[in-house]
Amino acid sequence: MKALLISLLFIGLVASFLWPSADRGTVESEAVFRMNLTAEPPTLDWALATDNVSIRVIENLMEGLTAYDAALRPQPAIAARWTVSGDGRIYTFHLRPDVYWSDGKQVTAHDFEYAWKRLLNPATASEYAYFLYDVENAAAYNTGRIKDADLVGVKALHDLTLRVDLKKQAVYFPSVTTFTATFPQRKDLIERYGDRWTEPAHLVTLGAFRLEEWRHEYRLTLVANEHYYGDRPALDRVIFYVVSEETTALTLYETGYLDRVTLPPIAIPRYKTHPDYVRAPFLRGYYYGFNLDKAPFDKVKVRQAFSMAIDREEIPKILKGGEIPATSWIPQGMFAHNPEIGLAFNPEKARRFLAEAGYKNGAGLPPITLAFNTDPTNRMIAEHIQAQWKKNLGVTVLLDNMEWKVYLQQLREDTPQVFRLGWGADYPDPDNFMNLFTSTSGNNNTHWGNAEYDRFISDAASEGDPSKRLALYDAAQRILTETDVPIMPLFFAAQNLLISPEIEGLEVNAMDLIHLKKVKRKPSNKVQS
Amino acid sequence: MIQPLFWPRFRQDRLAVASLLLIAALLLIAIFGDVIAPYAHDLQNTDNNLAAPNAQHWMGTDALGRDLFSRLIYGTRISMAVSLLTGVSALLLGTCYGAVSGYAGGRIDNAMMRGVDVLYAIPDLLLIILITVLIGRGVSGVFLALSLVGWITVARLIRGEVLRLKENAYVEAARAFGVKDVRILLKHILPNTFGVLIVTLTFRIPSAILAESTLSFIGLGLTPPAASWGTLANEGWKALKFYPHLIFFPGLAIFMTMLAFNFLGDGLRDALDPKQNKVS
Amino acid sequence: MLLFILRRLLWAVPVLWAVATLTFVMMHLVPGGPFDREKKLPPEIKANIEAKYHLDKPFAVQYGLYLKGLLKGDLGPSYKYLGRTVNDVIADTLPVSIQLGALALFIALVLGLLAGMASGAFAQTAWDKTSMFFATAGISIPNFVLGAFLILVFSHQFKLFPPALWEDARSVVLPAFALGLAPAAYIARLTRSSILEEKHRDYVRTARAKGLPETTILFRHVLKNAITPVITVLGPLAATLVTGSFVIEFIFSVPGMGKFFITAVTNRDYPLIMGVTLVYALLVVLANLLVDLFYTVIDPRIQLE
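Residues numbered from 1 in each chain as written. Chains lettered and ligands numbered in written order. Predicted model: local features only at pLDDT ≥ 70, side-chain atom pairs only at ≥ 80, totals over all residues. Heavy atoms only, no water.

### As for the interface of chain C and chain A
Note on interface size: it is often stated as the accessible area lost on association of the parts. Contacts between the two partners involve 65 residues from chain C and, on the opposite side, 71 residues from chain A. Of the roughly 5,900 Å² buried between chain C and chain A on both sides combined, carbon and sulfur atoms contribute 62%. Among the salt bridges present, the one from Arg412(A) reaches Asp36(C), with a minimum N-O distance of 2.8 Å. Taken together, the links from chain C to chain A amount to 20 residue pairs in polar contact (both at pLDDT 80 or more). Elements that contribute at least two residues to the side of chain C that touches chain A include exactly helix H2 (43-52), helix H4 (86-121), helix H6 (143-157), helix H7 (170-199), helix H9 (214-242), helix H10 (246-252), helix H11 (260-267) and helix H12 (270-298) of chain C. Here the element with the most residues in the side of chain C that touches chain A is H4(C); it accounts for 14 residues. Among the residues forming the side of chain C that touches chain A, the class breakdown is 37 nonpolar, 10 polar and 18 charged. (Contact = heavy atoms within 4.5 Å. Buried area = accessible area lost by both parts, 1.4 Å probe. Salt bridge = Lys/Arg side-chain N within 4 Å of Asp/Glu carboxyl O. Polar contact = N/O pair within 3.5 Å; in protein donor to acceptor, adjacent residues only side chain to side chain. Helix = DSSP H or I, 4+ residues; strand = E, 2+ residues; numbered from the N terminus. Nonpolar A, V, L, I, M, F, W, Y, C, P; charged D, E, K, R; others polar.)

Structure follows, in structure tokens:
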């Protein structure tokens, strides 16, 4: 009995010890913006960050040589201007003289040179090192073929001039310098603090905000950066809470703890008429791929039949998130998007094609498996498509779901007959989507290759005339989704958000980037504690 | 061995009897699900999805417009099969291990129990996740993972029983007469653990149902079209505020079944051996 | 006594080694690697990363390197949280889990013991039947259902507690109850049956024959002995609660360690998988040691070997 009392007392003590501190880190009069991140940011080192959670935070802390405007075109940022040599191989960036780090030091071209060489250093093991592979000797240095970093084609000519030598002409290079991986870094700080340089006590940045607090797995607090070279942001403080469960995030929004939240699919119908509701397109495509090495999908008629047997108009009815049904692959909101392309829903024709391929009403087909990674949305779509194939083609397809990493390995080593994948834009150009299915693409799991398609894509990448470029992409899309059909696109995703009416100026863009520099909170607000 | 007074005693426990009837009914539903269910479990109607309970669909429909009542009935089969199978296999594995360890005694016992200690020190959930990811693919992975975790408790329990029974006079006598060890174990010791085994089984089954629903929550549950109650409840809990019927009915099914098995276990235990009142 | 503790602590070393080895082998058997991505990495980039974490070395070498680090108390770098060590990650999250777990354990013990004692003392009364019904119900609800239900009632309907987050004392209440109710129900059932068992013992009959009042018998003798099985389960229970719960942390956005038992596996963050497993194993071993020590406090007749 005594022992029990002792243990109770002990447990009580432990429980009261380290009680969460009551500080909310906010002052009544401050303009605060609060939103959730879907996971703990894996890193705030922009040379290493590749996931959208980390990048979402970094983009509010840092800026690069160039930045996208609202139409997603690169514009001057830290670089006031740049010049290009006649052969297009040498870029000279002239930096603004008035840019300072949050500790008061001036930003120089040396910070860029250091950052780029660090990004490319094999010891850094950065996943995005290849973003700079257009730079002379960058790939050789990154892969260890040359050891001397000074051979890499980036050089601070003096404090405010950065010279970049490319290995060949790349007209899109000013877009590359908008990426977080190319942002400048401080040699002195990284060498002094090692891996811990991204902790709030050490992190020095140059964007509109600086990092004040990072409670791992829980909360990041950003405050306005008084050394920022642009206009001071209207917000005093930004709080990112790590909330992975979307239903929990929604509850937090409703109870006044968050100012912006992504709606879980199941909640969308109930919020459609809500005044805070915002829907926007999202440059993310969802498709089923066929493995052309496996019967029966070695036959193009079978692939066409399977694609035509699906009524994509049903998908938004199921997912209810304003998804855009897709028969072609370049998403809405991007250049060369063309909803006319692709195989329309036509069950009679689908059945006829299947018969012509030698499988009348599915007779003689080998067992077919549709694979996807475990996820409620994937599951719902797979079950729906399975039912449609059964109904419209008379074909029974088995479903197989796998845990994400197991699935990725399966795709790589033994691609299933039909598989699900998605693609989100890295940059808002059709090249990013269409390049995926060239025969040299590491992400083309279909085992399909078409020389004509490859040529169209490579020609389009360097084509300056928009109408010619459009024609090239139209032709390529026809090969991809009408004649060869290695994939059947299903839909383009949409963003469904709730944004507090107290928040002004929060742009919702199709790349799901969040820039809080211009966001305002109406003064009459009250932050609930 | 079942005591002669078992049935009269058990009959007095009305909760346990009701539980037994409920479980019997569930088994019937599991077996004759196709006949009972008003709709096919995978019949979709996207124009009538997320409907609240009504005359056509007693429990409403899900996001694909499938009849929830029918899905629940089909789910009974899967949930019952998975939990019964894992219960039985954990029991078999645990009994063999525990019996050998307890009967052998001495160094072998010590070594075998240290092995159990090690497995015991690995978090259950991690073990389950690793196994399901490793084996993957639907029912077999979930089933194997849950059995592999469940047997440890059983092994400890049975070992204790065997240690106790080993000291009985009739075992000593049998040994003195030169009866083989295997025969002693099978004929004289294990039958006496029958009561404990039955009770353990009735408690293993609900924990398997619970563990399976947790797996579904994590997203490592069964492969469609197999929709266990756990899968259904997991599809529903997010909709708690918007479409409560999606969580209410599967949740109720899990809850009632767990309750029935637990009460049945209590009743069996009391009836088999009123003094032996341990919760397992 | 000291010798006993020392010997048990030494014994922990081979147990932990076996746990480490088993986990190490199993997690490497699981298909998929830490740097598999939806957007495939160029092979040369992947080679740099694998070289950095020694993943290009043979399995045995990796195992050796890991054990070498472990001896120095170094759990290695996290593959997911770049620039942070597993020691950092655990140091950030374990205190939160300990706090939440301790509170849940407290709730479980107080509720469970009170209900169990009352039930055991007044067996077969209406009180006993209702409280046991609720106790059985308590172990029959999946905790994600319970969590969602608590949020709906106490946060949405009555606005008594925040629905999630880890801001102040109020935010601890719902997750602690969601975590503690099932163990409370379990302890209640255990206590009750243990009391009933004790009541049949000879010493109780003797005491009764001597004419001691029922309450004295109950409090002086029965409860004291009936508590032993509760203490026994307390060890592993504490270890489980204190290392956090994936489901509870997920639903209530609690920054604890429990989520890593799942996410470290889904991310294939090998050092983190090892780290949380070893912390758990260490706690189990320590908790069992504490339980054994408690026995000697309760009952001096128990000799420590």
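There's more to say after this.
### A few points about the pattern of salt bridges
In this structure the tally under the stated criterion is 53 salt bridges over all chains. Measuring nitrogen to oxygen at the nearest pair gives 2.4 Å for the salt bridge that ties Arg37(C) to Glu127(A). With one member in each of two chains, Arg37(C) in the loop between helix H1 (2-29) and H2 and Glu127(A) in the loop between helix H3 (109-120) and helix H4 (138-142) form a pair that bridges those chains. Linking Arg412(A) and Glu413(A) is a salt bridge whose minimum nitrogen-to-oxygen distance equals 3.8 Å. According to the relative accessible area criterion, Arg412(A) is partly exposed, its value standing at 35%. By relative accessible area, Glu413(A) is classed as exposed at 55%. Through salt bridges that share partners, Arg379(A), Glu383(A), Asp62(B), Arg66(B) and Arg71(B) make up one connected network. (Buried < 20%, exposed > 50% of the residue type's maximum accessible area, 1.4 Å probe, protein only.)

### Concerning empty space enclosed by the protein
What the rule picks out here adds up to seven cavities of 30 Å³ or more. Its volume calculated, the largest cavity comes out at about 170 Å³. Counting only elements with at least two residues in the lining of the largest cavity, the list comes to helix H7 (246-254) of chain A together with H6 of chain C. Top contributing element to the lining of the largest cavity by residue count: H7(A), with five residues. By residue class, the composition of the lining of the largest cavity is eight nonpolar, four polar and three charged. (1 Å grid on protein atoms, 1.4 Å probe; cavity = no way out; pocket = protein on both sides within 12 Å on 5 of 7 lines; lining within 4 Å. Points joined across faces, edges and corners; volume = space filled by probe spheres on them.)

### What to know about the packing of helix H2 (residues 14-31) of chain B against helix H4 (residues 68-104) of chain B
Residues and elements named next belong to chain B. Across the interface, H2 lies against H4 with an axial gap of 8 Å and an inter-helix angle of 110 degrees. As the angle between them shows, H2 and H4 are arranged roughly perpendicular. Here H2 and H4 pass one another in a crossing that is left-handed. Of the residues in H4, those in contact with Ile23, Leu26, Leu27, Ile29, Ala30 and Ile31 of H2 are Ile73, Thr76, Arg77, Met80 and Leu84. Broken down by class, the residue content of the contact of H2 with H4 amounts to nine nonpolar, one polar and one charged. (Axes fitted to C-alpha atoms, helices over the stretch in contact; angles between N-to-C directions. Parallel < 35°, antiparallel > 145°, perpendicular 65-115°, else oblique. Left-handed = near helix turned anticlockwise from the far one by under 90°.)

### Quick word on the pairing of strand E1 (residues 32-37) of chain A
Residue and element names in this part refer to chain A. Here E1 lies mainly inside the structure; six of its six residues are buried. Every second residue of E1 is oriented toward a common face, with Val32, Arg34 and Asn36 on one face and Phe33, Met35 and Leu37 on the other, all of them buried. Of the pairings in the sheet, the one linking E1 to strand E10 (residues 237-242) comprises six bridges and is parallel in character. Its bridge partner being in E10, Asn36 is matched across the sheet by Tyr241. (Pairing = 2+ DSSP bridges.)

### Section: helix H6 (residues 124-135) of chain B
The end-to-end C-alpha separation of H6(B) is 16 Å, in line with the 16 Å expected for 12 residues at 1.5 Å each. Those residues of H6(B) that sit buried are Leu126(B), Leu127(B), Ile128(B), Ile129(B), Leu130(B), Ile131(B), Thr132(B) and Val133(B). (Expected span 1.5 Å × (residues − 1).)

### Some thoughts on the packing of H6(B) against H11(C)
Orientation of H6(B) relative to H11(C), taken along the N-to-C sense of each, is 25 degrees, at an axis distance of 9 Å. In terms of orientation, H6(B) and H11(C) fall into the roughly parallel class. For the pair H6(B) and H11(C), the crossing hand works out as right-handed. Of H11(C), the residues touching H6(B) (which contributes Leu125(B), Leu126(B), Ile129(B) and Leu130(B)) are Phe261(C), Ile262(C) and Val265(C). For the contact of H6(B) with H11(C), the class distribution of residues is seven nonpolar, no polar and no charged.

### Looking at a nonpolar patch on the surface
Nonpolar side chains collect at one region of the surface, where Leu93(B), Leu134(B), Ile135(B), Leu144(B), Leu148(B), Val25(C), Leu29(C) and Phe59(C) lie side by side and expose about 620 Å² of accessible area between them. Looking at the nonpolar patch, the elements that each hand over two or more residues are H6 and helix H7 (138-166) of chain B together with H1 of chain C. Of note, Phe59(C) is situated in helix H3 (residues 59-71). (Patch = residues over 30% accessible without salt bridge, like charges linked within 9 Å, V, L, I, M, F, W, Y side chains within 5 Å. Areas by Shrake-Rupley, 256 points an atom, 1.4 Å probe, with all protein chains shown as cover.)

These results come straight from atomic positions and should not be treated as a statement about function.
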